[in-house]
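# A look at the structure
Residues per chain are reported as follows:
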Amino acid sequence: MADTHVLFVEDDDVIREATQLALERDGFVVTAVPDGLQGLERFRERRPDIALLDVMVPGLDGVSLCRRIRDESTVPVIMLSARADSIDVVLGLEAGADDYVTKPFDGAVLVARIRAVLRRFGHASGAAGAAGADEHGGIEGGGLLRFGDLEVDTEGMEVRKSGTPVALTPTEMRLLLEFSSAPGTVLSRDRLLERVWDYGWGGDTRVVDVHVQRLRGKIGQDRIETVRGFGYKLRG
């Protein structure tokens, strides 16, 4: 990951310095700052490849900083939270974060999660390879999929609803592509974690649930159906 620039916002001096050293040993270029206001300034100055934000930082908290970043960019964001069961995790995901890591964390785990996020942002079209058709939706050629009033261009990575462009983050796009590859088929949360988030192990399904809710808000609440106890499926 040489030349990959990470913006790291963390107010704990020990954690910030130790994590910066660990990331730099793995080849990342790191800008580390202790508060959210400096984080926003550095983000606008440097335009990093990924942002790593602690939830509880002074000046501008991590959730608010994530919202500000998301208003300006689709750059991937990973939140850091001290508690796995904290409401801050959900708030961070709802603000536009792509993933989160619970503190205390192992440096190798953090690096793996950063690389997983960067991999899926680097090839957002990868989930569309199996795209097909059923009685409700299908390919019209050139990678164009139609599901009612929803159009998904798997080659141009564009989405339109009733002809109007829909702005999706790369994670939301990969999630939609995964659904589009198997319309009408129930996809479990574990499968979505593996295919969209690149998790080779069981992760927190809240990541899936919050992103599905965000996606519904953009393409239509009734387009993705919840199949209780099993997962989700795309309606045609």
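What counts and how
Residues numbered from 1 in each chain as written. Predicted model: local features only at pLDDT ≥ 70, side-chain atom pairs only at ≥ 80, totals over all residues. Heavy atoms only, no water. Buried < 20%, exposed > 50% of the residue type's maximum accessible area, 1.4 Å probe, protein only. Helix = DSSP H or I, 4+ residues; strand = E, 2+ residues; numbered from the N terminus. Pairing = 2+ DSSP bridges. Right-handed = clockwise from strand over helix to strand, strands pointing away. Axes fitted to C-alpha atoms, helices over the stretch in contact; angles between N-to-C directions. Left-handed = near helix turned anticlockwise from the far one by under 90°. Contact = heavy atoms within 4.5 Å. Core = buried A, V, L, I, M, F, W, Y, C linked by side-chain atoms within 4.5 Å. pLDDT = per-residue confidence, 0-100.

On to the pairing of strand β3 (residues 50-54). Extensive coverage of β3 is indicated by the burial of 5 of its 5 residues. Residues Ile50, Leu52 and Asp54 of β3 are buried on one face, and the alternating residues Ala51 and Leu53, pointing to the opposite face, are buried as well. Two elements, strand β1 (residues 5-9) and β3, share 4 bridges in a ladder whose sense is parallel. From the neighbouring strand, Val9 faces β3, where its bridge partner is Leu53. When β3 meets strand β4 (residues 77-81), the two strands line up parallel, connected through 4 bridges. Following the sheet pairing, Leu52 is matched in β4 by Ile78. Once the chain exits β3 it traverses helix α3 (residues 62-72) before rejoining the sheet at β4, and the crossover so formed is right-handed.

On to the packing of helix α4 (residues 87-94) against helix α8 (residues 206-219). It is the contact of α4 with α8, at a shortest axis distance of 9 Å, that shows an interaxial angle of 35 degrees. For α4 against α8, the interelement crossing comes out right-handed. Taken together, the residues of α8 that come into contact with α4 (itself represented by Val89, Val90, Leu93 and Glu94) are Arg206, Val207, Val210, His211 and Arg214.

With that out of the way, let us pick up the nonpolar core. Leu53, Met79, Val152 and Phe179 are the most contacted members of the largest nonpolar core, which has 51 residues in total. Contact partners of Phe179, with chain neighbours within four places excluded, come to Leu187, Leu192, Val212, Leu215, Ile224, Tyr232, Lys233 and Leu234. Counting 17 residues, the second largest nonpolar core, distinct from the first, contains Phe8, Val111, Ile114 and Leu118.

In this structure, Pro104 sits in the loop between β5 (99-102) and α5 (107-122). Using a relative accessible area of 83% as the deciding quantity, one classes Pro104 as exposed. Taking C-alpha positions, Pro104 is 6.9 Å from Ala82, a pair spaced 22 residues apart along the chain.

Considering every residue of the chain, the mean pLDDT works out to 86; 88% of them sit at 70 or more. Predicted confidence is poor over residues 123-141, with pLDDT under 50, and the contacts of this stretch with residues over four places away or in other chains come to 38 contacts.

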